[in-house]
Amino acid sequence: AGSVRDGVIGLTVMDYLLQGKKGERSISAKTSWFCFGDKIVCLVAGLKGNAVVSAYTALDQCRWRGAVVVNGKNKNDEGNFLFPNCKWIYHYGFAYMPIGNAAVDVELHTVAGSWQNINKSEPNELIKEKIFMPLLLNNDWSVERSFGYILAHCRNSKEAKRVTKKPDFNIISN
């Protein structure tokens, strides 16, 4: 893993390997993040799995604040919503744009927990929050894959749609 930046543009890369405790299962990939202006482009190459049935890439996990718009359609009810050909998602000032043909599961739920679950010195008070969590699904493990996504700051869903249709950059190769 490593990073470089010049004060304006940044690049981070990672050679990723996740293995089961006994090495019986694994997921590996080469990942890069390009940061410039109000955008982050993430490219994943060489994604492969051994004895893996399904996995996902969480594009975000945050408090659900206001409208969620997917491919121009509002989603304001709680639930899991599968979009087999997701082009873009807008939520609270950000656009999430899978590169290419991508299946995305958008989870909109109320969750409960306490800070003590992760830190024994914290209070055990039960806290409930609505969450927004878009998941890029990685279900085909028969071949090595490459994919990517873009995260961009956008003022509204119209801007998210525009950025998706006409980005101000080109991805030459992944």
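This text follows the structure it describes.
Summarised in this report is the structure supplied together with it. (Residues numbered from 1 in each chain as written. Predicted model: local features only at pLDDT ≥ 70, side-chain atom pairs only at ≥ 80, totals over all residues. Heavy atoms only, no water.)

## A few points about the pairing of strand 12 (residues 104-113)
(1) Moving on: When strand 9 (residues 79-83) meets strand 12, the two strands line up antiparallel, connected through five bridges. Looking across to strand 12, one finds that F81 is bridged to V106.
(2) Moving on: Examined bridge by bridge, strand 12 and strand 13 (residues 127-138) share 10 bridges and lie antiparallel to one another. Looking at strand 13, one finds that A112 is bridged to K128. (Pairing = 2+ DSSP bridges. Helix = DSSP H or I, 4+ residues; strand = E, 2+ residues; numbered from the N terminus.)

## Overview of the packing of aromatic side chains
(1) Moving on: Applying the stated criterion across every chain yields a total of two aromatic pairs.
(2) Moving on: Summarising the aromatic geometry, the rings of F36 and F169 are spaced 5.5 Å apart at their centres and angled 80 degrees between planes, so their arrangement reads as edge-to-face. Within this pair, whereas F36 is found in strand 3 (residues 26-36), its partner F169 is found in the segment after helix 1 (157-165), the two being separated by 133 residues in sequence.
(3) Moving on: Aromatic pair Y96 and F132: ring centres 5.6 Å apart, planes at 50 degrees, arrangement tilted. Of the two residues, Y96 sits in strand 11 (residues 94-99) while F132 sits in strand 13, which places them 36 residues apart along the sequence. (Phe/Tyr/Trp six-rings, centres within 6.5 Å; stacked < 30°, edge-to-face > 60°.)

## Here we look at the pattern of salt bridges
(1) Moving on: One pass over the structure, following the stated rule, counts eight salt bridges.
(2) Moving on: Note that K39 and D38 form a salt bridge whose closest N and O atoms lie 3.0 Å from each other.
(3) Moving on: Overall, the relative accessible area of 10% leaves K39 in the buried class.
(4) Moving on: Take D38: its relative accessible area is 38%, and that puts it in the partly exposed class.
(5) Moving on: E159 is paired through a salt bridge with R162; the nearest N and O atoms lie 3.8 Å apart. Taken together, the residues span about one helical turn, with E159 and R162 both in helix 1 at a distance of three residues.
(6) Moving on: When salt bridges with common partners are traced through the structure, they connect D38, K39 and D168 into a single cluster. (Salt bridge = Lys/Arg side-chain N within 4 Å of Asp/Glu carboxyl O. Buried < 20%, exposed > 50% of the residue type's maximum accessible area, 1.4 Å probe, protein only.)

## So, the nonpolar core
(1) Moving on: Of all hydrophobic cores here, the largest spans 25 residues; its most connected members are V68, I89, V106 and F132.
(2) Moving on: Every element with two or more residues in this core is listed here: strand 3, strand 4 (39-50), strand 7 (68-70), strand 9, strand 12, strand 13 and strand 14 (145-153).
(3) Moving on: Counting residues in hydrophobic clusters, the runner-up holds 13 residues, among them W88, A95, C154 and V163. (Core = buried A, V, L, I, M, F, W, Y, C linked by side-chain atoms within 4.5 Å.)

## Considering the state of the cysteines
(1) Moving on: Under the defined criterion, the tally for this structure stands at zero disulfides.
(2) Moving on: Left without a disulfide partner, C42 is nearest to the cysteine sulfur of C35, which lies 9.6 Å away. (Disulfide = S-S within 2.5 Å.)

## A look at the environment of Y149
(1) Moving on: Its location among the elements puts Y149 in strand 14.
(2) Moving on: With relative accessibility at 14%, the residue Y149 sits in the buried group.
(3) Moving on: With near-sequence residues (within four places) excluded, Y149 lies in contact with W33, I40, V41, C42, T57, L59, M97, P98, I99 and L136. (Contact = heavy atoms within 4.5 Å.)

## Overview of the environment of G79
(1) Moving on: With respect to the secondary-structure elements, G79 resides in strand 9.
(2) Moving on: Between the C-alpha atoms of G79 and R155, which are 76 residues apart in sequence, the distance is 25 Å.
(3) Moving on: Among all residues touching G79, those that are not within four sequence positions of it are V106, E107, L108 and H109.

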